Structures are given as C-alpha cells and as structure tokens.
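# Descriptive structure summary
So the chains spell out like this:
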Amino acid sequence: MGFSELSLILGGPQGSGLETSMLVLSRALAYRGYGVVADREYYSNIVGRHSYIHMSISSKRTPRSLTYPVKLLVSMDAETVFTHFKDIESGGVLFYDKDVRAKKVTEIPSIEESLRSRIARDLKALGAGEDLESVLGVLRGRGVTTIGMSFQEILRDLMKTFGIDPRSLSRYVSGIITSSAALLLGLDREALKYGFERVFAARAKLVEQNVYVADSVWRELKSYEGLLRLDYPETEFSEVLVATGNDVVAIAKIVAGLRYQSYYPITPAADESFFLEKYEVSEVDGTIVGPIVVIQTEDEIAAINSAIGASLAGVRSSTATSGPGFDLMVEGISWAGMNEAPVVITYYQRGGPSTGLPTRGSQSDLLSSAFAAHGEFAKVVLSSGDHLDAFYDTVLAFNIAEKYQLPVIHLLDKFLANSTATIPLPDLGRVRIERGLKPVPPGTYKRFNLEALISPRAPLGTPGVIMWYTGDEHDEFGHISEEPENRVRMYSKRIEKLKLVDEEVPGDLKLRVYGDEGGDFCLIGWGSVKGVALDAVDEIAKRGFRGIYVDVKMLWPFPRRELLEVLRRSGFGNVVAVEHSYGVNIADLAAMAAGVQIRKRIAKFTGRPITLSELTQALEKTLTSDVDRVVISYGG
Amino acid sequence: MEGRGVSFKSDVWVDWCPGCGNYGILTAVFKAFAELKLDPSKTVIVSGIGCSGKLPHFVNVNGVHTLHGRAIPFATGIKLANPELTVVVHGGDGDLLGIGAGHFVALGRRNLDIVVILHNNGVYGLTKGQASPTLPLDAKTKALPKPNIQQAVNPIMLAVASGYTFVARSYAFEGEHLKNVIVDAVKHRGAAFVDILQPCVTFNDIFTSEYYRKRVYRLDKDPDWDPVVRKPEERISKMLKAIEKSAEWGERIPIGVFYVDSTVSTYEERLSSRLKVYPKVNPASSVIASEDLRPVVDDVKFKKIFSDLIVRVSKRV
C-alpha cells in the first residue's frame, strides 16, 4: 500500500541546481503518469540564500494545492534542515548530507538573524542542541526516518571516474538529491534517466554523469528504495505539458497570435518574455508561426507605449510585468483607453509595496489594477486560477481587447508564474481568435465613428486610409476637440463599451462556481487561491461542512449579476473571502460593485502561498466561531 | 503656405502663435513629403506633448499624438510591427530631451529606421515658458522669474553619443535647407535625428529669429567638412569631429549634417538575422487565424512547436 498523494520539500542554497532537480523530478514523475505541482520559493539573490521547492504529487490527478506537514524533506545543506525540520510529519523521512552533521544553526550566516534566533529558541525548548545532529535526534524522536549520505564520497568518486574539475563538482549535488527523492518515492531508474535526458537534452555527458550519480545513490540507499512508494498511477493522461505559469501564458500568447511583446526585466514576469523570444518564430509543416517581435525596452513606460504603438499597426501586442513596472505603465493605459487601443498587460503580482518581497507572491494589487489610471474609461481585468485556466484566459484577454478595443489587464501572480505543473494539453478546438475587425466603410475614414459603441478599426498602413490618434479629447477623425457636446458623446462611448463586455462575455468566463450549492458556506476568491480553495472545500466536507467555491475570473467589470445570483441561491449566509493580501480586497470590490457585505475574511501576506492545512483550519474557525478575520502565515 | 505642398495640408486650423518657428517646420514637412512622394496611408507622424505635439493634426498623413516624452516608444512599436511604414517623430526639447531622454538614447542604441525631429525652442511653451533642457545655464528668458540654474544638454552631442546614424541641424526659417535635411533624414536607413532651431516668439526673447539669422551658417559651404563615415574604422574620428563641431555655439552656429554612418546595422537588420522571415513576413503582414477564426497553431502544430515541454506518459507495466 503506497501513497496516492504526497508532499515534499527539496531545499538548498540558491544557485545550486535546485530548479534542475525540480525539472528532472517533475518530468520523471509525469513520465510515469503522476500529477505534480511544485512551487519554487527563493530570495532575491543569485547565489547562496536558502531556497526550496514545495511539491505535491498525486497518483490520481494533477494536485491543486500544497500542504504541510510534508512527508519528505530532501536537503542539500544544514540550513534546509534547520529551516524545515518542523514541517516533516511524524512517520515522514528526512534525507540529508552526513558531512554537515556537526553544523550549528548559529554558524550559518545566510540564515536571517530573526529566523536563526527563532530556530535556536525552538531547539532549546525541545531540549536539543544547536547542531544538526541534535535536530536529527529530535526528528527520530518524532518517528521521522533520517537517511544520511556522504555527498563528498559520491562527488569524489564522480570526480575520479569522469575527471571533473573539483570546482564544478557542486553542480552534481542536484543529481544526488533528485536521485534520492526518486528512490524513496519508488520511481525506477529508467524514469529518472528520462528526466535527466529531457532536462539536459543534447548534453549527453551530463546525462551520463547524473545517471552515474543515481547508480551510486541506488547502491548506497538500496534498503530505502520505495520507502515512500507512490501508488500505481490512476491518471488517464497520455501526454502532459510540464510547464510553469510563465510558460503556459507565453504558449497561449503564441496560440492567440501575439506579434509584439515588449518588456523590461522584472521578477516574476521576465521568464515569460524569455520563453517568447525562444519561440519567436517557428516553421511547421510549411506554415510560419510568427514572427513575434520581442523587445527589451529601456523601461516599462516604453514597454507599454511601444506595445500600444504596435497595436495601432494592427497586431496583437502585449507586455508582461509586475507591480513596480505596472505602476510606471499607468499613464500609457490611460492613453490606450482614450484611443480605444487593444493591448494586453500580463501582470504577475509580487509582494509590495515598493520593492517589497520581490521574489514572493501576493494578490495585493487587485484594487490598484481595477482602478489604475486617471480619467474614466473602459478597461477589463481578468484573473486565472491555475495553469490551464491561464491558457484559455490569455486567449480571452486578446479577444476582449480587440473586440472591444480596450486595454485588458491579465492579473496573475508569482505563485502561478513560478510553479511547475503537469497539465493536460489544451484543447485547441475550443480556441477562437476573435478580432472584431469589420470592413472599413467607404468614404472618409473616421477612426472614432460615433454611430456605434465600437467603431470600425483600421490598422495604420491600411491602403488609402489615413487616421489620427490623440490623447486629447477628440472628434470622430481623431483631431483635438474640446467642444462640450462632442466631449459628452465621446467620453460616454468610451465608458459605455464596458456594458457590452458585461452583457456579451459568457457568465462562465466571468465567474465560476465549484461544488454543490445549498450547503453551509460560500468561499469566494480569485486567481491562484483556486486550487487550495477547492481542496479546502473538499477537506472541510469531511468535517461536516458543505460549501462552494466561487472563483471570480473577471474582476472588472465586476460580475455583479452573476455573484448576486449565486449568493441569492446560497442564502447570503456564511460568505468567506480569501486572498493573498492584508485587506482581502475582493470583499471590498464586491461591496462596491454588487452591494454585498462580506465580513469573514482569510488573509495571508507573508509572500508564501496559502497551503491546504492552514486554509482548512482558518475556514473552520470562521464557520464555527464569531471570528471574522483570520490571518494565516505558515511556511518558511 | 498655400500653394506649396498643399496636398499634405489637413483642414485643421493651425493654432500656433503668429510668427512661431513651427510654421517654418510645418511648411518644410509638407515640401519634403511632397518631394519624397510619400504615400499618406503608409506614413505616420508620431508626436509628444506641447506645441510640436499638435503637428500631426495639420498634416494629411497618419498622425499619432501621444504622451509627454513617449513619442519614440510609440513610434518604435509602430515601426517594428509594420516595417513598411515611414515613421517620423516630432517632439519638443522638453519632450525628447527632458521627460523622454531615456527613450531618445534608446532609439540611438537600436538604430531603428525612424526620423526624430526636434523642435528646439529652449522653453516649455504650452505651460507658459519654463526653462527646457536646451536653455543654457544663467539664461533668463522673459517668462522666468529667476535665471536658469540648470545646464543645457547639447542635442547633437547626445544624439551622436547615443548612436544615431544621421545627425543634422537646421533652422526653422531656413526653409529650403530644412526641407532638404528632412528629405535626407527620411531617406537615411537607421535612426535619424534633426535638431531644428525654432524661435518661440511668445516666451523665448533670447533665441529669437533675429538672434539666429545673424549667427547660423551652413556646414556644406565648407568644402572640407565631410561628415560621412565610409568605413567602420573612420567612425570614432568622425564622431569626435561631429561632437567638436556641435560645441560651436555663440557668434556662429553651424547648421547642416554633422554625422552620417551607414556602416552600422539597423535594428531591422538585427531582427531579420534573428527572425529570418523579417521584415518580409512581419507582425502586420503575418496571419494569425483562419477564416473560421481558428488559430494558426492547431493541435498537430502545437505538439511539434512545444515538444520540449510535452511528456508522453509511459506507465510501468
């Protein structure tokens, strides 16, 4: 009897190949039919600070959430054990490097002072010493199996066999922890080799060396093979995409027909543009897909404004950024609104304000994106709950932008951006490219024709047609006009287009209800809380509370009717909002747009993702007590 | 103005102050566009904010009147998306060298085939005459309560240092010369910059038409002045000469071409070495969907393009 669901942490210093371990392991698991989701947590640092991968594996489906405690902690260094030893469940397993057993928590400079003293205090309270050996003792006392191996021995042997320069030996530590994790989970060596081959691709020597490392690990740890064996997979996947949120959005942009992407480097958005650059043009079966001009601009101001320029030339254009960059783009968004220019801004939120927690996640920019930019004009804000939603929503973002000629903000976050998941291949049969292009009427072209809310849009360069654009209030030709009657008509047109979006976009794309209505509670949220919210709803059902999760996908225009209908059906009782922010601002947006008062709120703003265990607990607390606000904060 | 290049004149009333240097610039634009026989539907004037920002409305070609300082980014997006368009930026000195200075430098680095025309009048006119980035230190125009305590930037020097491959100066009321410089700038392949000395009759009582009329002289009258880089090895010495010449200001002010270098690759060429099909197949000319709204990328192509991310499941038997 194995495990159908299992969660683990791989930890080590930033820059030591941890991400490679994640890539290899997730591919090996996917190859054998397991579902994986893995979050990457790291400091704003290139080399040396503690980072870790928090992974959920399932033999039944793609896991939707992360949880604590974990069954397995695989550590590259002592810092990982000190930081996460409390996260291992009793009966779980720790894999560690024997060579660092004497290391004391007080000797590790990369641990932040406040954390170091907290760990030292915790150890003291447990009656343990400050060295790793003492922590191992504590763990064993809790029923954790501790498995040590000398990394040095493995690496020295590798060095001798392959004549590797000692200075580059540390890059093989990743192979040690990947192999030991695979061994403990009961993965076979062929699957592991597949993972190495997929990740190292053409670098055959690296594959050979890592396979050699795996063989050494297998020899050494033979007796532990399959200690945490996963159940035989019941998933029905025959092919899966193994991709991060950044990758998935980039893929969707290519499918959607993106032709211009501008960006200024910022975490956690830049990887999307890198991906697009890699796939900027392809030729398949005689068809050219692309080209996409991907340009690294001098700042985010140039990023948004050049994307708008490309849009005026008739191409699908977008930019990808995070909070600090978005703030710089806001004036451009106002120009796009004024000139009815379609453009998509992919916005990966991170912890603010200012530089905040630059490599950690948040959902604290909801109100700032819904209400960004001066003046009043139609603008749409979309969010996505998971990788697959993000794919379809990216296409939707371009369709809405072009059909209604307005800026669309696709509001995502670092959690989605940096987590890797196994997802089914998107169903392209469902995808439509709706550009809203109508033939230009004969006669003198009026770009801002007032006959309808949506004027016929001709790209710059259309033969025989000329047009003007201006950020000033303008007449139908796009020439400056301050005349009051024209002002009223033009100003209203640009605002009232939003009604069309509200009326025409199908309800299912604006708000989605999960679970059976008529239960005890309604959990409401948006974006990346979806997976953990769904799991928490399932989990709490086991404790006797039946409820639904309402995923608000279109944040602006707010799906007022749709939300009111759901709440009417569920009786308005026990509505709980959850968000990665202090304010849980979706509740305030709902109050403003739909007149709904949501008192109960679950907030997390540590920059770490909401995990299943803490959300279930918090939800139970809000349902069983008078407590309205629960702040959760688990995770290192 | 009437009768000269009238086909490019729009029917929008020109609302600059009587006597403004911008009239000279506008006339030269009409004449240059006519001489170049530009197709109005394939030509785009992109402007920023201020008096110069209104220029596109007066010209019968596509006009994009953008944000303060941001004309160059807009123009960049337009040009890259559709390389068949002729794109000309008009901006003031506050716009291009103050709030938009970063973009001005970036365009030089890219050497994208865009023309930038600077309406250089030393003041922020539409906000009533504040000092602009080209007003010299200690200058006190009539609108300023106190003398200027910020130093001026030298537009020609900055353009050469930034990598523009065509750098020239003209004077708003030297009609024929200005028209010719604009024609050459449009013909040049790569980032072209034209600094136009432009009297502001309302707010700048120092750099007046009388001031310039006495001082400007034409570089092309000097048979020894050769601003053209013919091979890469000449680049540094020609740059230094252009920079030295641009420092000449006071009793004599040179106008004409300071620097031309066609040995540097354009951004379009750099892109085409990467994208191969560009600029022939470009963002504006490429297809993204079929007649029935289906994306070009279907299930079969998807698997081929993104094979690196696809894992074919092989469960153990």
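### Regarding the overall build of chain A
- On a plain count of helices and strands, chain A comes out with 21 helices and 25 strands.
- In terms of overall size, chain A behaves like a compact globule, its C-alpha atoms giving a radius of gyration of 26 Å where 636 residues would be expected to give roughly 26 Å.
- Expressed as a percentage of its 636 residues, the buried residues of chain A come to 65%.
- Looking at charge distribution, chain A has the averaged site of its 71 positive side-chain charges lying 3 Å from that of its 81 negative ones.

### Some thoughts on the nonpolar core
- Core analysis: the largest hydrophobic core is formed by 158 residues, its most contacted members being A:Phe391, A:Ile400, A:Phe558, B:Val46, B:Val116, B:Tyr164 and B:Phe302.
- Ranked by the residues each element gives to this core, the list is headed by helix H14 (residues 387–404) of chain A, at nine residues.
- Not counting residues within four places of it along the chain, the set of residues in contact with B:Tyr164 comprises B:Ile72, B:Phe104, B:Leu107, B:Gly108, B:Val116, B:Ala159, B:Ala191, B:Ala192, B:Phe193 and B:Tyr259.
- One finds A:Val93, A:Phe95, A:Leu185 and B:Val311 within the second-largest nonpolar core, a separate group that totals 61 residues.

### Topic: the environment of A:Glu239
- Among the structural elements, A:Glu239 can be located in strand E7 (residues 239–244).
- Judged by its relative accessible area of 16%, A:Glu239 is buried.
- A C-alpha to C-alpha distance of 7.0 Å links A:Glu239 and A:Pro424, two positions 185 residues apart in sequence.
- A polar contact is formed between the side chain of A:Glu239 and the side chain of B:Lys303, at a distance of 3.0 Å.

### A short note on the packing of aromatic side chains
- Overall, the coordinates contain 29 aromatic pairs over all chains when judged by the stated rule.
- Judged by centre distance (3.9 Å) and plane angle (15°), the rings of A:Tyr31 and A:Tyr194 are stacked. With A:Tyr31 in helix H1 (residues 18–31) and A:Tyr194 in helix H7 (residues 189–200), the pair connects residues that are 163 residues apart, well separated along the chain. Summarising the burial analysis for this pair, A:Tyr31 and A:Tyr194 share the class buried.
- Plain terms: the ring middles of B:Tyr171 and B:Tyr212 are 5.4 Å apart, the flat faces sit at 55° to each other, and that makes the pair tilted. Placement of the pair is B:Tyr171 in strand E7 (residues 166–171) and B:Tyr212 in helix H7 (residues 209–215), with a sequence separation of 41 residues.
- The structure contains a cluster of three or more aromatic residues connected by ring pairs, namely B:Tyr171, B:Phe173, B:Phe207, B:Tyr211, B:Tyr212 and B:Trp249.

About the thresholds
- One numbering rule holds for all chains: residues counted from 1, following each sequence as written.
- The lettering of chains begins at A and the numbering of ligands begins at 1, in the order of writing.
- Residues qualify for local features only when their pLDDT is at least 70, as the model is predicted, and side-chain atom pairs are given and counted only at 80 or more; totals for whole chains, interfaces and linings, by contrast, use all residues.
- Only hydrogens and water are set aside; all other atoms, that is, all heavy atoms of the structure, feed into the side-chain values.
- Note on conventions: DSSP H or I runs of at least 4 residues are helices, E runs of at least 2 residues are strands, and numbering of each starts at the N terminus.
- Radius of gyration: over C-alpha atoms. The globule rule applied is 2.2 Å multiplied by the number of residues raised to the 0.38 power.
- Working definition: with a 1.4 Å probe on protein chains only, accessible area under 20% of the residue-type maximum means buried, over 50% means exposed, and in between means partly exposed.
- Under the counting rule used here, the positive set is Lys and Arg, the negative set is Asp and Glu, and His together with the chain ends is not counted.
- In plain terms, the charge of a residue is placed at NZ if it is Lys, CZ if Arg, CG if Asp and CD if Glu.
- What is meant by a nonpolar core is a set of buried Ala, Val, Leu, Ile, Met, Phe, Trp, Tyr and Cys residues, joined one to another through side-chain atoms within 4.5 Å.
- When checking whether two residues touch, look at their non-hydrogen atoms; a contact exists if any pair is within 4.5 Å.
- Any pair of N or O atoms that falls within 3.5 Å is considered a polar contact. Within protein, one atom must be able to donate a hydrogen and the other to accept it, and sequence-neighbouring residues count only if both atoms are side-chain atoms.
- Here a Phe, Tyr or Trp ring, Trp counted by its six-membered ring, pairs with any other such ring whose centre lies within 6.5 Å, and the pair is stacked when the planes are under 30 degrees apart, edge-to-face when over 60, and tilted otherwise.

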